[in-house]
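Structure assessment
In case you want the letters, here they are:
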Amino acid sequence: MPPATSNPPETASASPAAVLHADVAVIGGGVIGHAIAWEARRSGRSVVLIDDAPGNGASWAAAGMLAPVSELHYQEEDLLELMLASSGLWPAFAADLALAGAGETGYLTTPTLAIGADAADRRALMDLRAVQQASGLVVEPLTVRAARTRESLLSPAISCALDIPADHQVDPRKLVACLQEVLAVHEPGAGTAVAGARGGFAVDQRAAALLWEDGRVSGVKLAHGGTVQARETIVANGLQAASLDGLPEGLQLPLRPVYGDILRLAVPQHLRPLLTSTVRGMVHGVPVYIVPRQDGTVVIGATQREDALAGTGDGAVSAGGVYQLLRDAQVLVPAVSELELLECTARARPATPDNAPLLGRVPVRAAGTGSGHSTGNIAGLIVATGFFRHGVLLAPAAAAICRDLLDGRTDPRWGALSPARFSEKHQVAGTEHGPAGAPSPPKDISSMKDLDPQKETA
Ligand SMILES: Cc1cc2nc3c(=O)[nH]c(=O)nc-3n(C[C@H](O)[C@H](O)[C@H](O)COP(=O)(O)OP(=O)(O)OC[C@H]3O[C@@H](n4cnc5c(N)ncnc54)[C@H](O)[C@@H]3O)c2cc1C
């Protein structure tokens, strides 16, 4: 049963002259911003979530695979601890949402099968298995016969199958809707509903800049007027994080878009269920996945490309990408050709040079000393972006880490995720020097360590 609640009346979002007051302002309403906002609310804080198109960024496209095992790639072993930690938080995160009265998130503990099409794909998957096993992960080979007993619509021509029981799924669109639902619920007398915000939490505007006062971040200037005054501000607007004005001087957030095309298809009644496991395939060296949803649809993804298509902007879908996905999915599951194509979507993943998020407080450096010696953190500011191909999986961990930071705790395990790790050490200005008038341009990422984006699959 959901707890007794009262909902604040719907109010217009911040008007040009409005000043809203909250304990926490979250900039960006993707899965990351929503999860952080909910965790902050669960800590008893009032929260505003600022976004003119919530849920419409990378989160709109995501397949929602919660896949720490299949997502382990060469040279990304450092990310594994975070992915496993978040994977471990998912069951309670989903259960707590249900307890809070949210609708269906689509969280399912369906397993994953890694499937190879030809002999070279088999070798690649077995090599990867050796890396996964060395990290203590469970990936068990199945005979093709056993795999086809489990999934009768798999092609008999596949070269191998590996069972990955720990990789699960959620529906990111439903997840965001659920988080919006619970954020709009306020316990009577709790004082968490923010006057002037829709549902007591939402501001349907873009953030323009961070506000500063007495050397600390004091809130957010909105793009069409109005401000949000907040004790803590969390920058969680994905790819756009670096374009906010008023970021700390010298802080470089080197985010780059990695586009992905993704398809949604309906399975006709006579073919249901098409699959009971998520299938992650390697087809002649190219990754493809098929994620079966409970409602009888499947999601097929995901290409990756670093160049935007000319013309219709970031959401433009690549014809070649759609062709590749349908072609390769049919190699693994021939009945895909009988499905009804419902939707083609593309979005950009917010990637960083080392493929790990930019997550944490921003250290104050003794500006001008060149020593890079940290003198604490900039008060009132947390950064949570750069979740690349793992944002849905990592949402509960991001939320938990931010909650710790809000509560004044720091877990040394996540120190390596510092949002300042790509900034020149002596450049992040001390609070006594105030903010930059405008953000510094991102570093030239071509000169940085890059962990082979071709490994991209999610
Ligand atoms: C095709 C594809 C498949 C994927 N599959 C998976 C998967 O299976 N599993 C997985 O874990 N991850 C997956 N991902 C990655 C995942 O989608 C991202 O890591 C995640 O969505 C990032 O969430 P976010 O909230 O940081 O960013 P976004 O979802 O991009 O949200 C950012 C938000 O910020 C808002 N915003 C921007 N600028 C401003 C501003 N100035 N003021 C206010 N708001 C602003 C935008 O409107 C947007 O709503 C996939 C991504 C793609 C593209």
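The chain is annotated in an unreviewed UniProt entry as glycine oxidase of Pseudarthrobacter psychrotolerans. In the Catalytic activity (unreviewed entry) part of its UniProt record, the chain is described as follows: "glycine + O2 + H2O = glyoxylate + H2O2 + NH4(+)".

1. Things to note about the sheet that holds strand β12 (residues 256-266)
Strand order in the open sheet formed by 8 strands is β5-β6-β4-β13-β14-β15-β12-β16, and the pairing between neighbours is mixed. Only two strands of the sheet have a single partner each, and these edge strands are β5 (140-142) and β16 (340-351). Taken over all neighbouring pairs, the strand axes of this sheet differ in orientation by 25° on average, direction set aside. Pairing of β12 with β16 involves 11 bridges; the strand directions are antiparallel. Paired with L265 across the bridge in β16 is L341.

2. Section: the site of the ligand
Around the ligand, the structure places 42 residues, and the nearest of them are G30, G57, G238, G260 and G391. Those elements that place two or more of their residues in the shell around the ligand are α1 (31-42), α2 (58-61), β12, β16 and α8 (391-406). Built from parts of two domains, the shell around the ligand gets at least three residues from each of domain 1 (13-108 + 167-255 + 352-458) and domain 2 (112-165 + 257-349).

3. Side note on the environment of G250
Examined against the element boundaries, G250 turns out to sit in the loop between β11 (227-235) and β12. Owing to 20 C-beta atoms within 10 Å, G250 belongs among the buried residues under this scheme. Sequence separation between G250 and A420 is 170 residues; the distance between their C-alpha atoms is 8.9 Å.

4. Some thoughts on the environment of L239
Looking at where L239 falls in the secondary structure, it is placed in the loop between β11 and β12. Residue classification places L239 among the buried positions, given that 23 C-beta atoms sit within 10 Å. For the pair L239 and L255, spaced 16 residues apart in the sequence, the C-alpha separation amounts to 6.0 Å. Sequence-distant contacts of L239, defined by excluding residues within four places in its chain, comprise L255, P257, A348 and P350.

5. Regarding the nonpolar core
Counting residues in each nonpolar core, the largest one holds 136 residues, and the members touching the most others are V26, I36, V48, I50, A384 and A398. Examining the composition of this core, we find that 10 residues originate from one element, α8, more than from any other. Each of domain 1 (13-108 + 167-255 + 352-458) and domain 2 (112-165 + 257-349) accounts for three or more of the residues forming this core. Those residues within four positions of I50 in sequence are excluded, and the remaining contacts are A25, V26, I27, V203, Q205, A207, V220, L222 and V228.

Rules behind the numbers
Residues numbered from 1 in each chain as written. Predicted model: local features only at pLDDT ≥ 70, side-chain atom pairs only at ≥ 80, totals over all residues. UniProt positions renumbered as here; feature names shortened; annotations may be inferred. Pairing = 2+ DSSP bridges. Helix = DSSP H or I, 4+ residues; strand = E, 2+ residues; numbered from the N terminus. Axes fitted to C-alpha atoms, helices over the stretch in contact; angles between N-to-C directions. Near = placed C-beta within 6 Å. Domains from an automatic or database assignment. Buried ≥ 20, exposed ≤ 12 C-beta atoms within 10 Å, placed from the backbone. Contact = placed C-beta atoms within 7 Å. Core = buried A, V, L, I, M, F, W, Y, C linked by C-beta atoms within 7 Å.

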